[in-house]
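Residue-level structural notes
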Protein chains: 2
Amino acid sequence: MRAILDDKNLLSAEEALKIYINSTLPRPLGEEEVDILNALNRVSAEDILSPIDLPPFSRSTVDGYAVRDSETPGEFKLIGKISIGEYKEVRIKEKEAVEVDTGAIIPDNASAVVKVEETEKNGDIIVVKKKMRFGENIGWLGSDIPRGFEILRKGEIITPEKIALLAAVGIRKVKVFKKPKIFIITTGDELIEPGLPLAKGKIYESNSFYLYAKLMSEGYDVIGYTHVKDDKSAIKSELEKALQKADIVILTGGTSAGEKDYVHQVIRELGKIIVHGLKFKPGKPTILATVNNKPVIGLPGNIVSTIMITERVIIKYLSILAGKEFADQYQVKATLMNDVKADKNRYTYVPVYLFIKNDKYYALSVPFDSYMIGTFASADGYIGLEPGKELKEGEEVLVYIKRIDLRPVYIGEEEPTILKELKEFRKIPLGSFPALKALKYGIGDIVVISKLYESSVAGDFTFTRKILQNGEGDKIGYHEWIGLSKLIDSPSIRLRYISLSVNFLGRATVIAPATVINEGKEITKEELVIIVSKNEYKSKLKTFFE
Amino acid sequence: MRAILDDKNLLSAEEALKIYINSTLPRPLGEEEVDILNALNRVSAEDILSPIDLPPFSRSTVDGYAVRDSETPGEFKLIGKISIGEYKEVRIKEKEAVEVDTGAIIPDNASAVVKVEETEKNGDIIVVKKKMRFGENIGWLGSDIPRGFEILRKGEIITPEKIALLAAVGIRKVKVFKKPKIFIITTGDELIEPGLPLAKGKIYESNSFYLYAKLMSEGYDVIGYTHVKDDKSAIKSELEKALQKADIVILTGGTSAGEKDYVHQVIRELGKIIVHGLKFKPGKPTILATVNNKPVIGLPGNIVSTIMITERVIIKYLSILAGKEFADQYQVKATLMNDVKADKNRYTYVPVYLFIKNDKYYALSVPFDSYMIGTFASADGYIGLEPGKELKEGEEVLVYIKRIDLRPVYIGEEEPTILKELKEFRKIPLGSFPALKALKYGIGDIVVISKLYESSVAGDFTFTRKILQNGEGDKIGYHEWIGLSKLIDSPSIRLRYISLSVNFLGRATVIAPATVINEGKEITKEELVIIVSKNEYKSKLKTFFE
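Residues numbered from 1 in each chain as written. Chains lettered and ligands numbered in written order. Predicted model: local features only at pLDDT ≥ 70, side-chain atom pairs only at ≥ 80, totals over all residues. Heavy atoms only, no water.

Labelled according to an unreviewed UniProt entry, chain A appears under the name Molybdopterin molybdotransferase MoeA, originating from Sulfurisphaera javensis. Entered under Pathway (unreviewed entry) in the UniProt record, the comment concerning chain A runs "Cofactor biosynthesis; molybdopterin biosynthesis." (UniProt positions renumbered as here; feature names shortened; annotations may be inferred.)

1. Quick look at the packing of helix α4 (residues 232-245) of chain B against helix α5 (residues 262-270) of chain B
All names here are of chain B. Orientation of α4 relative to α5, taken along the N-to-C sense of each, is 55°, at an axis distance of 9 Å. As summarised for this structure, α4 and α5 are arranged oblique, according to the angle between their axes. For α4 against α5, the interelement crossing comes out right-handed. In contact with Lys232, Ile235, Lys236, Leu239 and Glu240 of α4, α5 contributes Tyr262, Val263, Gln265, Val266, Ile267, Glu269 and Leu270. (Axes fitted to C-alpha atoms, helices over the stretch in contact; angles between N-to-C directions. Helix = DSSP H or I, 4+ residues; strand = E, 2+ residues; numbered from the N terminus. Parallel < 35°, antiparallel > 145°, perpendicular 65-115°, else oblique. Left-handed = near helix turned anticlockwise from the far one by under 90°. Contact = heavy atoms within 4.5 Å.)

2. Digging into the pattern of salt bridges
Residue and element names in this part refer to chain B. Under the counting rule described, the total for this entry stands at 78 salt bridges over all chains. In this structure, Lys214 engages Glu311 in a salt bridge whose closest nitrogen and oxygen atoms are separated by 3.9 Å. Of this pair, Lys214 sits in helix α3 (residues 207-217) while Glu311 sits in helix α6 (residues 303-321), and the two are 97 residues apart along the sequence. Looking at Lys214, the relative accessible area reads 14%, which means it is buried. Owing to a relative accessible area of 9%, Glu311 belongs among the buried residues under this scheme. Residues Lys333 and Glu396 are paired through a salt bridge, measuring 3.8 Å at the closest nitrogen-oxygen approach. (Salt bridge = Lys/Arg side-chain N within 4 Å of Asp/Glu carboxyl O. Buried < 20%, exposed > 50% of the residue type's maximum accessible area, 1.4 Å probe, protein only.)

3. Comments concerning the environment of B:Asp230
Residues and elements named next belong to chain B. You can see Asp230 is positioned in the loop between β16 (221-228) and α4. For the pair formed by Asp230 and Gly253, sequence separation is 23 residues and the distance between their alpha carbons is 9.1 Å. With sequence-adjacent residues up to four places away left out, Asp230 is seen in contact with Thr187, Gly188, Asp189, Glu190 and Tyr262.

4. Remarks on the relation of the copies chain A and chain B
When chain A is brought onto chain B, the operation consists of a screw motion whose angular component is 180° and whose axial shift is 0.1 Å, with 0.1 Å RMSD remaining. The transformation relating the two chain copies, once decomposed into turn and shift, fits a two-fold axis. Considering only C-alpha atoms, the residue of chain A closest to the rotation axis is A:Val332, which sits at 4.1 Å. An overlap of 99% is found between the interface residues of chain A and their copies at the interface of chain B, pointing to a shared contact surface. (Least-squares fit on C-alpha atoms with pLDDT ≥ 70 in both.)

5. What about the interface of chain A and chain B?
The interface is formed by 119 residues belonging to chain A together with 119 residues belonging to chain B. On inspection of chain A and its partner chain B, the count reaches 14 salt bridges. Note that B:Glu150 is salt-bridged to A:Arg407, the shortest N-O span being 3.6 Å. With eight residues, the single largest contributor to the side of chain A that touches chain B is helix α2 (residues 160-168) of chain A. In terms of residue class, the side of chain A that touches chain B is made up of 56 nonpolar, 22 polar and 41 charged. (Nonpolar A, V, L, I, M, F, W, Y, C, P; charged D, E, K, R; others polar.)

6. Examining the side chain of A:Lys324
Residues and elements named next belong to chain A. Along the polypeptide, Lys324 turns up in the loop between α6 (303-321) and β22 (331-336). Here Lys324 occupies a buried position and makes no salt bridge, while the nearest side chain of opposite charge, Glu218, is found at 4.1 Å. There is a polar contact of 2.9 Å between the side chain of Lys324 and the backbone oxygen of Glu218. Residues within four places of Lys324 in sequence aside, it is in contact with Val43, Gly155, Ile157, Glu218, Tyr220 and Ser319. (Lys, Arg positive; Asp, Glu negative; His and termini not counted. Polar contact = N/O pair within 3.5 Å; in protein donor to acceptor, adjacent residues only side chain to side chain.)

7. As for the sheet that holds strand β4 (residues 64-67) of chain B
Residues and elements named next belong to chain B. With mixed pairing, six strands are arranged side by side in an open sheet as β7-β4-β6-β5-β9-β8. Lying at the two open borders of the sheet, with one neighbouring strand each, are β7 (112-115) and β8 (119-122). Along the sheet, successive strands turn relative to each other by an average axial angle of 40°, direction set aside. In the sheet, β4 pairs with β7 via four bridges, with the strands oriented antiparallel. Across the sheet, Gly64 pairs through a bridge with Lys115, a residue of β7. (Pairing = 2+ DSSP bridges.)

8. A look at the sheet that holds strand β7 (residues 112-115) of chain A
All names here are of chain A. Here we have six strands laid out as an open sheet, ordered β7-β4-β6-β5-β9-β8, and mixed in their pairing. Looking at strand neighbours, the two that pair on one side only are β7 and β8 (119-122), the edges of this open sheet. Strand-to-strand twist in this sheet, taken as the mean axis angle between neighbours without regard to direction, amounts to 40°. Two strands pair when backbone bridges link them, and strand β5 (residues 74-82) and strand β6 (residues 96-100) are joined in this way by four bridges, in the parallel orientation. Bridging from a neighbouring strand, Leu78 pairs with Ala97 of β6.

9. As for α6(B)
All names here are of chain B. Helix geometry: α6 is bent most strongly at Thr310, by close to 50°. The element α6 is largely enclosed, with a buried count of 18 among its 19 residues. Downstream of α6 by a residue or two, Gly323 has a phi angle that is positive, lying close to 80°. (Bend = angle between axes of the 7 residues up to and from the residue.)

10. Focus on the domain arrangement of chain A
Domain boundaries in chain A define domain 1 (7-27 + 179-321), domain 2 (31-53 + 144-177), domain 3 (59-139), domain 4 (331-406) and domain 5 (432-545). Look at where the C-alpha atoms of domain 1 of chain A and domain 5 of chain A centre, and you get two points 42 Å apart. (Domains from an automatic or database assignment.)

11. A short note on the confidence of the model for chain A
One rule of thumb: low pLDDT means the predicted coordinates there are not for detailed reading. Residues of chain A with pLDDT of at least 70 account for 98%, and the chain-wide mean is 92. Across the predicted assembly, pTM comes out at 0.89 and ipTM at 0.89. (pLDDT = per-residue confidence, 0-100.)

12. Digging into α3(B)
Burial of α3(B) is extensive: nine of the 11 residues sit out of reach of the surface. Every buried residue belonging to α3(B) is among B:Asn207, B:Ser208, B:Phe209, B:Tyr210, B:Leu211, B:Tyr212, B:Ala213, B:Lys214 and B:Leu215, and all of these are buried. In the core, the buried residues of α3(B) are packed alongside α2 of chain A together with β13 (181-187), β16, β17 (248-252), β21 (294-299) and α6 of chain B. One or two steps after α3(B), the chain reaches B:Gly219, where phi turns positive at roughly 90°.

Listed below in structure tokens is the structure:
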């Protein structure tokens, strides 16, 4: 039986999550008390109010003399000293001063502390030449926070600063929610474990590695993971075993509605599928289910689908099991450098490179499919579009940001001889199209454009490469962003990187630069125009070209 | 001997760090190989290039039929099937089709895959009604990344996504730098361990708790910590012991140049102080030193100084020992809601609350001193100002952001009876000044302004409270942001929270609302004007007022 997940009948991630939450009623899994030293990144299970005023007494913020500000400037009689950590109840009378350490308690009726270095001392007379302001160099009792002030709330993730604050008010133990226990099951005959040799037609398994790292980094306990072949009874028995120890089980692969998609069959037989299929790209064939009253989530096999559903759905669901207040990821506003189009029917997530210029962000979206972990992991963030949405270049978008990469940027045509000299650069060798956009927005440190793509452009250097043709039969072509694509009609394949053409030598007609393939008949020359942002990079390239 | 750290002769954090790095020549502490499962947040010690093209073969992205796009629409003869994970070398001839699973290898010369649901099948004839585009539903060999593409670089912090990518290209082990081992020594007679009763004049120790949590969360190994009294020989012996096992030792307290500041004396006797004192606020009395060729850093005792020097100096230094490429924290642009002024001579860091309105950030800076961990930990980020810099309301600033708090906001005068009903609100009861700013920028959900502070304001509700006077002698006053401060001339203390006034009952003249102190003679009434953003909050307050 092959059922079809029809885009039009699917739910958005938000709708699906809502229904799933309503059906499964997730809640925190109990509480435990931990020492604040072990509380980092745990989720508070209680509202904590400060049991004390902070600071607990009015104290000096400098080494100096406590006086009444209204009597300054003037001469004061030194009547004693209060050291840090020491307790003395002292009141000063007219024109009297008390020596105090930084952090020491000050006399009740003092209203300023004069720094030692701003006084002169003659015997027991302190000469203050400066007019002091009221409260100068005093940290009043409770001036930081008063007793009863909320310092941590239920659901809050405990940061190093909050640990400092708990310590500062004298709290040593804190109640936190227990961590959800997660078990991961990956399925698929095509998967090979990383580290082993890759057989033809197979790919490496990466889902479990991602899920393990991501869920641990979010503060959950991944208590185990296993890989099973596409074998219905094996999947069934692993799922049953996992459910005995875990609070939630995540499976990958086999979630479509095809005949060999055993995961959805097993879940259906053992429990109840609440949601099958999301209006979401990448990640449509997602299953949200319950088995034995425990949440079971099935993810499609493609790694970027796993990442996106984890970020947008699983983390939100787990945050409820963990008792977390939900906080979404950071988003930054950026100007879009090229047009982007969503899937007609699905919410669509697209990776972007981010560039900063004059404190403004620019986002270049990259062509992308759900198997492209390399592209996704090299990007700086991603944007989400509503179904059918088209965004135009120049529009502002909100980017879910993963990192800021501040290295100088090489962007444009792939030329191996130049690229290998640029160790410290960020490399985006995706062709002339992004290079022209970079030029337009004043971005990029070394920008390389092919005259085959845009003949009118001028630059700091020109690099001319011979274009060779090698072999017979189907023509190997290039992605439309690349200059060389203009030379090749009706290709049988379109590569995004010119260097990939070597894979086809001897099997097809390969048209590529002499710097990529060694042999072939010269059919033309390609001029690369190189635009360089800074003199230091110019000198670097000059040495290289000479 | 009391030496003075003169602001004018001090170095900025950047200058100091540069000198310290030049004097100590820190470098990564060696390498080790780890399984990618244990590589999360570790620092790569090598550049890794992809050993394979990804995907390693051209594959179908759907369940369907592989054909040549130029022959669509049309009828095709089904000549076989390739399942996922299976390897078959198949070439299709004119008007032939091969059935393929999602993820299965496609015939070399196919140029599109038609989805099953977009075809009709009659025996071994597949009817394709649609015109296919070149490359439709095909993930070309290497279309994600080509062999030799850089997937991880030396110094990069390994994220869950990078772990997925390493797995996807078949890499199971990765060389990472060893983690620096850190020992923490806190000093100070005034410090009490959290959890124990607080004696008068003493405060709780929080530095070691912060440092432990923060440094662990940054991926370092805190191998131990100890507290010692202000006793020179004890400090000396603990430092010597710590240096035997740690790569770096951090001490807190005793770093000023006073007579009881033993830390600086001990470091000077055992090793060499490279930098003493920074043009930095909070955190001036910082020591950067070496003892036995190992870095030893002395931090001032105030907790927020420890936090700031950790963030702006120690983390940068440790990142070199750890082999990290340095990446600064996120900063966001915000509009300043009030004026801020730096110290005349020092780089100054000031905590801010952040608010979002229409995707724009607004930053309210809060009066602050280096002992104020409560204020600092409640803020959302901080801004840095150059010495002598004055920023005016309305200017744009860059904020080092710690979190985004999306709860509804109560801002303005502190009124305990209202505040205790607002469990889900973020509470900023700092007085009428920030409330008026919130109003101006359209921020805040419940904004409470005293007519004593600003008489012309109108709102959704009015709350009238009796102001009582209790006791004799020195008058307890309030911070100038608070309406009640207008009533009290020549106070002997100025509280930032009205609720703190109860501490002074029976000891001074306390002027406070009847909702805070129970007894006293009524001297006037204060009207609080309450402005509410949304109907749901209005109904909430309505129930409360009725």
